[in-house]
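# Observations on chain architecture
The residues making up each chain are set out below.
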Amino acid sequence: MSRPTFDTNAAQVYRTSVEMEAVDRRSEEDIQQQQPQNGDEESDPENLKGAEENKKSIASYIRYNAFGTAMGFFVNGYMYDISTYIVSVYTDVFPSFRHDVFLQTAIGVSMLYGVMFGLLLFGFIADYFGRKKGLIMCSCLVLLGNIIGVASHGTSVVGGIWMMNIGLGVAGLGMGGEYTCNVPNAMEDSEGVNIKTRGRRTSMLVMCMEVIGNYMPFVVQIIIIAAACRNAYLGAASHCHYEIVKRVSFAVATIPVICVLIYRTRMRDSEMFSKDKQRGKSRYDAIDLYIVCRHFAFRSVGAVLNWFLVDYINYSMGTFGVIILQSVIGVSLLKSLWITLAEGGAYLIWLPFVAAFVVDRLGRRKTEVFGWAFLASAQLINAGAFWPLKRHPVGWIFWSTFVFGFQYFVFVPVYLIPAEAFPTKIRATMYGVSSSFGKCGGIVGTTIFPHMWVNFSGSAHAETLPALRLTMWFYAGLEYLALLLAFFFVPEYSQKSLVKEDQRFYELRRRYAARFAKRLNVTDEDLQEDSLNLTFFQILKYRITSSSKEQFHRHLKNYAATLCRENGIRSRRRIDYVAQLPTDYNDLTLFSRILRKIRMGSEQCAIYEKNSEEMGYYDPSVEEAELEDRKEEWKEDDSEMQQNWSNTTAEAIVHSYEDNKV
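It should be emphasised that the depicted structure is a prediction, and the values quoted were computed from it without experimental measurement. (Residues numbered from 1 in each chain as written. Predicted model: local features only at pLDDT ≥ 70, side-chain atom pairs only at ≥ 80, totals over all residues. Heavy atoms only, no water.)

Before going further, it helps to examine the nonpolar core. In terms of nonpolar packing, the biggest core is built from 142 residues, with M79, Y80, Y179, F296, W372, Y415 and V522 touching the most fellow members. Per-element tally for this core: the top contributor is helix α21 (residues 465–489), with 11 residues. Not counting residues within four places of it along the chain, the set of residues in contact with Y179 comprises F73, N76, Y80, L119, P184, E210, Y415 and Y431. Core analysis: the next-biggest nonpolar cluster, separate from the first, contains nine residues, F122, I125, C138 and Y263 among them. (Core = buried A, V, L, I, M, F, W, Y, C linked by side-chain atoms within 4.5 Å. Buried < 20%, exposed > 50% of the residue type's maximum accessible area, 1.4 Å probe, protein only. Helix = DSSP H or I, 4+ residues; strand = E, 2+ residues; numbered from the N terminus. Contact = heavy atoms within 4.5 Å.)

Below, the structure is given as structure tokens:
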């Protein structure tokens, strides 16, 4: 029978709310020591009052953080689609712009380049300096990018477009940081609210609010275009005031950005992150890199490649979606804007909420596999029935809208998995790496799509409908590839405690530190040195600058001793004890499980997974008692060895004396 699992690393009000089947390595006395005694806190009104205030304070900051997260991703969604209709306006007003593939691509990818570099930069900032500091810097960059967009001007139309691209790139830096600072923070807060609904809560604050923000530029721009570009048709000069469309679109976004910036000065880092910072190990080291390469490789494949493919498809089709719609059914710019807004309001805006509600029940892997399977099959139907659908514009609109909505069954788990699959110490960094590959896919897709369309047309200056159909066949193949990757490489973290995952990670670090020290023959004298403060980057420096192997080996030995002390291992006997503990780690992917069964067999695979689960409950304090018991055995063994040595020595002396006498 299972029982509630207590989080022994966090505050008393911070407990996991799900029952997990595992072996508890702690005794009942240890658990009772961590709970308030009947005669102490429970009977003391002041302690009860303090605990109640602490609980209210945590609940208050979690709600406060939730609102800040929701508003931040609302702004992110707005900024992502702010250029979609600006591209369409320039295409309508300047016919030459339609054939300038390079300039169209530049508008589409300028923000994505900023987002990609922002993800990598702020992933490190969020883990090293804190989520709140990163979020404040992100909002400042988004505000600066909007100001540049409003003021964008040039000596020519092309010059004004390039200045707007710079503004989009600067804003993209802050938008990238929004993911790495906000999603891990929201995930860690949701862990403290309820593990069973962690995915749903995070998805609603992140994905759902971003989708709502995606449609806000259309609401704003439909008013602007109606006034400034009335009766604008594709390829026809319409005297559209394109500068008004561009400047007002950016100016409207500036208001919520300022509000979010002010609001974030009162946000807080999550409780999980604060507890992790108290360990005093915020810097990266060689063990982190080793664990990521050895144990997190398969889950990284699922997180990285699926995000790459979904952004490749989404950004390329989204950036040129209006042009595709105008080409297929021949509608005006204003009408295509109305169609997009109607699609979103009537259907698409609700699908993320449906995906958020099912992601905890179905699980991350099943939800993503369902989404990819539907999208791939629907893309085949799109390509196969392209001409009949084109002859019925209403049918095209309804079918494409219906199909497009199911992409959120892919996006929701794609957003969640990197925030759950990696421990708190490196969560934001690895989230940034995974998401940056996604934005790289968006850049590649947006760059390649117009060239692919033109090249499939067999003409250097025109995009034909048969060529568009060929691209749909190509995209269907990509979606089936993503389906296979999701099935085999996506880890399943539904109903899994992230606190226990952190404990598994730190216990794994401790065991590898002991093995590393044992391999280098670290002694008690090495562990007692006062100069144990080497870092991973210093070791890399010594590897390059050391004049001899002996000198580098001495530095490496010092570094191994540093890692042991940081992980609470302060004696050679403790090193020997911890080094012999198993380092079995289940990464929760289907591919690794199949591989283990092939290599080990079902019985050994079950033992492997059991050892992995037990690491989340392992208490290093039990080692002290066991080492004390062994110390008595060692003393007895030493006394027996000394006695044997004394007897042997006495006999040798007697024999020597008799020989001399003879």
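Direction vectors running N to C along helix α27 (residues 590–600) and helix α28 (residues 602–615) enclose 130°, while the axes themselves pass 7 Å from each other. With respect to α28, the axis of α27 lies oblique. Taken as a pair, α27 and α28 cross one another with a handedness that is right-handed. Taking contact as the criterion, the partners of R593, R596, K597 and M600 in α27 are, on α28, Q604, C605, Y608 and E609. (Axes fitted to C-alpha atoms, helices over the stretch in contact; angles between N-to-C directions. Parallel < 35°, antiparallel > 145°, perpendicular 65-115°, else oblique. Left-handed = near helix turned anticlockwise from the far one by under 90°.)

Before going further, it helps to examine the side chain of E479. Of note, E479 is situated in helix α21. Among buried Asp, Glu, Lys and Arg side chains, E479 stands out as unpaired, with R469 the closest opposite charge at 14 Å. With residues up to four places along the chain from it excluded, the contact list for E479 reads I313, W372, L375, A376 and Q379. (Lys, Arg positive; Asp, Glu negative; His and termini not counted. Salt bridge = Lys/Arg side-chain N within 4 Å of Asp/Glu carboxyl O.)

Within this structure, the stated rule accounts for 29 aromatic pairs. When the centroid spacing of 6.4 Å and the interplanar angle of 85° are considered together, the rings of F124 and F129 count as edge-to-face. Overall, the relative accessible area of 35% leaves F124 in the partly exposed class. The interplanar angle of 70° and the centroid separation of 5.7 Å between the aromatic rings of Y179 and Y415 together place this pair among those described as edge-to-face. Placement of Y179 in helix α7 (residues 157–193) and of Y415 in helix α19 (residues 408–420) is noted, with a sequence separation of 236 residues between them. Just as Y179 is buried, Y415 falls in that class too. Among the aromatic side chains, those forming a connected cluster through ring pairs are F73, Y179, W307, F411, Y415 and Y431. The ring of Y179 carries K439 above its face, with NZ or CZ at 5.1 Å from the centroid. (Phe/Tyr/Trp six-rings, centres within 6.5 Å; stacked < 30°, edge-to-face > 60°. Lys NZ or Arg CZ within 6 Å of the ring centre and 35° of its normal.)

This model, assessed by the stated rule, comprises 20 salt bridges. Note that R427 is salt-bridged to E188, the shortest N-O span being 2.8 Å. In this pair, R427 is assigned in helix α20 (residues 427–457) and E188 in helix α7, connecting sequence segments 239 residues apart. Here the two residues R427 and E188 agree in accessibility, since each one is buried. Here the residues in one salt-bridge network are E191, R198, D360, R364 and E420, joined through shared partners.

Glancing now at helix α18 (residues 393–404). Taking 1.5 Å of rise per residue, the 12 residues of α18 would be expected to cover 16 Å, and the 16 Å separating its terminal C-alpha atoms lies within 8% of that figure. Every buried residue of α18 is accounted for by W396, I397, T401 and V403. Mapping the buried residues of α18 onto a view down its axis gives an arc of 165°, with all of them on the same face. In α18, the exposed positions that point more than 90 degrees away from the buried face belong to V394 and F398. (Expected span 1.5 Å × (residues − 1). Arc of directions from axis to C-beta.)

Moving on, we get to unusual backbone geometry. Phi angles above zero are rare outside glycine, and Q495 is one such case at about 65°. Residue Q495 is classed as partly exposed on the basis of its relative accessible area, which comes to 30%. Located in the positive-phi region is N521, a residue other than glycine, with phi close to 60°. Among the structural elements, N521 can be located in the loop between α22 (498–519) and α23 (524–527). Note on N521: relative accessible area 45%, which makes it partly exposed.

In this section: the confidence of the model for the protein chain. The pLDDT averaged across the protein chain works out to 78; a share of 77% of its residues lies at or above 70. Segment residues 1–43 is flagged for pLDDT under 50; beyond a separation of four residues in sequence, or across chains, it makes 88 contacts in the model. This model gives residues 641–662 a pLDDT under 50, and the stretch forms zero contacts once residues within four places in sequence are excluded. (pLDDT = per-residue confidence, 0-100.)

Where like charges cluster on the molecular surface, the positive patch consists of R294, R515, K518 and R599. Within the secondary structure, R294 sits in helix α11 (residues 286–295). (Patch = residues over 30% accessible without salt bridge, like charges linked within 9 Å, V, L, I, M, F, W, Y side chains within 5 Å. Areas by Shrake-Rupley, 256 points an atom, 1.4 Å probe, with all protein chains shown as cover. Charge placed at Lys NZ, Arg CZ, Asp CG, Glu CD.)

Before going further, it helps to examine the environment of D524. Along the chain, the position of D524 falls in helix α23. Every residue in contact with D524, bar those within four places of it in the chain, is listed here: S571 and R572. A distance of 2.6 Å separates the side chain of D524 from the backbone nitrogen of R572, its partner in a polar contact. (Polar contact = N/O pair within 3.5 Å; in protein donor to acceptor, adjacent residues only side chain to side chain.)

For α28, which comprises 14 residues, the first-to-last C-alpha distance of 20 Å matches the rise-based estimate of 20 Å (1.5 Å per residue) to within 8%. All of the buried residues along α28 are C605, Y608, E609, S612, E614 and M615. Turning to α28, the residues buried within the fold contact α22 and α27.

Another point: a nonpolar patch on the surface. Side chains of L380, F456, L470, W473 and Y480 sit close together on the surface and give an oily, nonpolar patch of about 430 Å² of accessible area. One can find L380 in helix α16 (residues 364–384).

In this structure, K439 sits in helix α20. There is a polar contact of 3.0 Å between the side chain of K439 and the side chain of D311. Once you skip the residues sitting within four places of it in the chain, K439 turns out to touch Y80, L112, V115, M116, L119, W307, D311 and Y315.

Attention shifts here to the environment of V93. Note that V93 resides in helix α3 (residues 84–93). When its relative accessible area of 15% is taken as the criterion, V93 is described as buried. For the pair formed by V93 and H241, sequence separation is 148 residues and the distance between their alpha carbons is 8.9 Å.

Turning next to the environment of S249. Examined against the element boundaries, S249 turns out to sit in helix α9 (residues 242–264). Remark: the alpha-carbon pair of S249 and F218, spanning 31 residues in sequence, is separated by 9.6 Å.

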